[in-house]
Structure formats: structure tokens, C-alpha cells
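Structural overview
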Amino acid sequence: MKQILLSLATLFFSCCSSDNEVKAEGPANTGKTLVVYYSYTGNCREIVNTLTGQIEADVLEIRPAEKGLRYEANNYALGTQLLNTIKANPNDAGSYPPIDPVTTSLNDYKNIIIVTPLWWSQMAAIMQTYLFQSASQMSEKHVGIIVSSHSSGISGVVADAKRLLPDVTWMGDALWIKASNHGNRASLIESWLKTQNFSDEDTSADKMYITVGEQTQSVTLVDNDAVQILIAKLQQGDVTMTLNSSGGFEIWGALGFSLPTSNQQMTAQPGDVILYNGSNICLFYGSNSWSYTRLGHIDGLSESQLRTFLKAGQNDIKVTLSLTKPTGIRNMASTPSTKGENVYYSLNGQKVTNPTHGIYIVNGKKIVL
Ligand SMILES: Cc1cc2nc3c(=O)[nH]c(=O)nc-3n(C[C@H](O)[C@H](O)[C@H](O)COP(=O)(O)O)c2cc1C
């Protein structure tokens, strides 16, 4: 047994040390990073390719819904018109040119780097649409920005970013890559990354479990005061409450205690777990815009699976929150139950054939049943 644990430990530490070697070359970037870009003529795409050669990141491309438009034709007439429409009414969603739907959720990311072209000294209109639409999801992120222009300075683009994302933590100064520097972008990006304050929070965020009837789902919690207090409360024992359907988009009701609020206007999405008015919990299977405090997001269920899980449309629904996954409860997601497929060991290394409640070692990791 000791040998098994020793080899697991060796494997674990050898994985970690190679991981550390990669990180030592780049910035302190242990939180997960998403690079979001728009590119009309390809320069920003090249910048993204160079950037992702230097850091570990996922990439999201924003695309206009209308294809084949020529923003630069007739002395940049269309590009100018799109920007003027936004400028005239920046708070109106209808002012922003439509983009292809984005399905990437920002929940998993701590760091976001925006790579955008400059248009008429402002942020390209297509990228503005994305930031306008995703501002509430970005509110707890560390955000960096890289701007590509022919030659104009980027202060107007930075101002657009700050207007569109008022609640983010900026990683540092924006990086400007003008046409004459495009060929040097690798070294510019490398130096810039060293100045940026990435969130190094571990993305293996805290989890809790929600049980409705016979089914339990994990929830990835955000990090705020409300969640810290909620975790402390759940450490004392599970919390059960009765929730009711409302508005065709949520089940909600009293938690039975209050949590500190940090309300922000947001559009709650299917799966979101939200604190409303400090003492109510809302579990969303649809979406709604309101001033809420986010608590977390139910992992891995589609909208229709959420409707089933949350008993959408029903009332008097018994819901239990817990920090450990109750035994004998089925998870809706198709991931096979680990119980029964793995070998369980007690903390003193004894194999356990029928694990019940307690702490066990499975695949070298401590788990709680
Ligand atoms: C509609 C439009 C307006 C632009 N306005 C400016 C400008 O005012 N100043 C400037 O230096 N470059 C301007 N550019 C050039 C782009 O900022 C530059 O070529 C950038 O690298 C394009 O990035 P992309 O290839 O990823 O689309 C403009 C480009 C377009 C399409």
C-alpha cells in the first residue's frame, strides 16, 4: 500500500514540478486564462497566436453575425457608422452590431485577456458588442488588454474598455502593438506579461452540492464574502429549505439566514446560484436581469436538464445544500459514479470494501463520503 501511495506521490510531484517549470518561464499564472479576440484583417489573430505560445490559455474568437461586410470601404464608412451608433447610445444593447452567439462561459476563468483592433481611435465595434454583453460575467475577473492599430494611440480604446467593464480588476497597463511593431510582438508581449497582475487563485474553486429529491449536483462557488459565510454555515451541517418556482426562470425562497451582499446588476444565466436580498437563494433554469449577489453555478447541466433537476414550474420543492456529496444519491450528469469503480483506502492505508461515511483515499486523493 505504502508503495502505491509513494508512486502516486512521485507521479503527483513530478507532474507538479514540470508544471512549475513551464510557469517559471511565463507570468505568475496559475488561475485559468481566456484570451478573447476579434480580428478583421488578421493582425489580432497573429497576436493571439504569439500570446498563446507564451502562456497557457483558452481562446475565444468573436465574430460579427453579418458576414462579408467591408468596414474600411468608402473611406471606412461602415466602421465609422457602427462606432457612431454606439457613441450616440452606449447603454442601449441595440446600438451594438450583432455578433455570433457565444457559448463559452466565463465561470471557469480567473483571467481574461482581450485582444482587439483599434478603429478610429476607439475599440472595434464588434469587440464592444461582446464586452457589452458579457460585462456582468466579467465582474470578478482580472482583465488585460492588447490593442492593435496602424499607428494611432490607444487611450480611446482603453477608455471604451473601462466604460464597458466598470467592475473588473485591470491586470495593468494595456499593450499597444502598432503596425511598425507588429513584427516585434513576441518580445513586446513577453515583456508586457511580466508587468501584468494575473489572478493566481486556484481555479479548483470551492464546491458545494445541491440535492433536489433524489438528485445531487455539484456547484462551483465564486469567491466573495457571502460564499465564505455560506461555507462556514455548511461546515456546521447541511441546510435544507423549501423553494418555489417563479417567473418561468428560477426556483427561489428563504435560506433561513442572511449573507453579506455585494449586489450588482447582472443577467443571471441558467445554472446560476444567486443570493437575492441577502437572505433568499435563487436557482436559475432560465435567465433574468436584476441586482444580485452571485454565489456560484451548477456544474455541467443543459437548460433542459436544469429544468428537470430543479423541478421547474413546481412549488414546495425541498432543496438541501451541503459541502459533501450525500451517499446513495444519483448525479444527473452522465459521469459514472466513482463509488464501486475505485479502490477505497482508509487514512491508515487499509483497503475498505464497503465504504460508508468518512474520509478515504481514492486514486491518491482524499475524498469525503
Ligand atoms: C474601420 C477601421 C478603422 C480603423 N481606424 C484606424 C485608426 O483610426 N488608426 C489606426 O492607426 N488604425 C486604424 N485602423 C487599422 C487597424 O487598427 C489595424 O490595421 C489593426 O491592426 C487591425 O487589426 P486586425 O487585422 O486584427 O483587424 C482601422 C481599421 C479599420 C478596419
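Refer to the structure printed above.
These figures come from a predicted structure and were not determined experimentally. (Residues numbered from 1 in each chain as written. Predicted model: local features only at pLDDT ≥ 70, side-chain atom pairs only at ≥ 80, totals over all residues. Heavy atoms only, no water.)

Attention shifts here to the pairing of strand S14 (residues 280–284). The buried fraction of S14 amounts to 5 of the 5 residues, a majority that puts the element mostly inside the structure. Both faces of S14 are covered, namely the face carrying Asn280, Cys282 and Phe284 and the face carrying Ile281 and Leu283. Strand direction decides the pairing type here: strand S11 (residues 250–254) and S14, joined by 5 bridges, are antiparallel. Bridging across to S14, isoleucine 251 finds its partner in leucine 283. Relative to S14, strand S13 (residues 272–276) runs antiparallel, the two sharing 4 bridges. Bridge pairing links leucine 275 to isoleucine 281 in S14. (Buried < 20%, exposed > 50% of the residue type's maximum accessible area, 1.4 Å probe, protein only. Helix = DSSP H or I, 4+ residues; strand = E, 2+ residues; numbered from the N terminus. Pairing = 2+ DSSP bridges.)

This structure, assessed with the given rule, holds 9 salt bridges. Close ionic contact of glutamate 61 with arginine 45 constitutes a salt bridge, the shortest N to O distance being 2.9 Å. Here the residue glutamate 61 occupies a position in strand S2 (residues 58–61), and arginine 45 occupies one in helix H2 (residues 43–52), the gap between them amounting to 16 residues. Here arginine 45 falls in the partly exposed class, since its relative accessible area comes to 31%. Of the charged contacts, one joins aspartate 299 and lysine 207 as a salt bridge, the two residues approaching to 2.9 Å between their closest N and O atoms. Here the residue aspartate 299 occupies a position in the loop between strand S15 (288–298) and helix H8 (303–309), and lysine 207 occupies one in strand S8 (residues 207–212), the gap between them amounting to 92 residues. Shared partners join several salt bridges into a network, and the residues in it are Arg45, Glu61 and Arg63. (Salt bridge = Lys/Arg side-chain N within 4 Å of Asp/Glu carboxyl O.)

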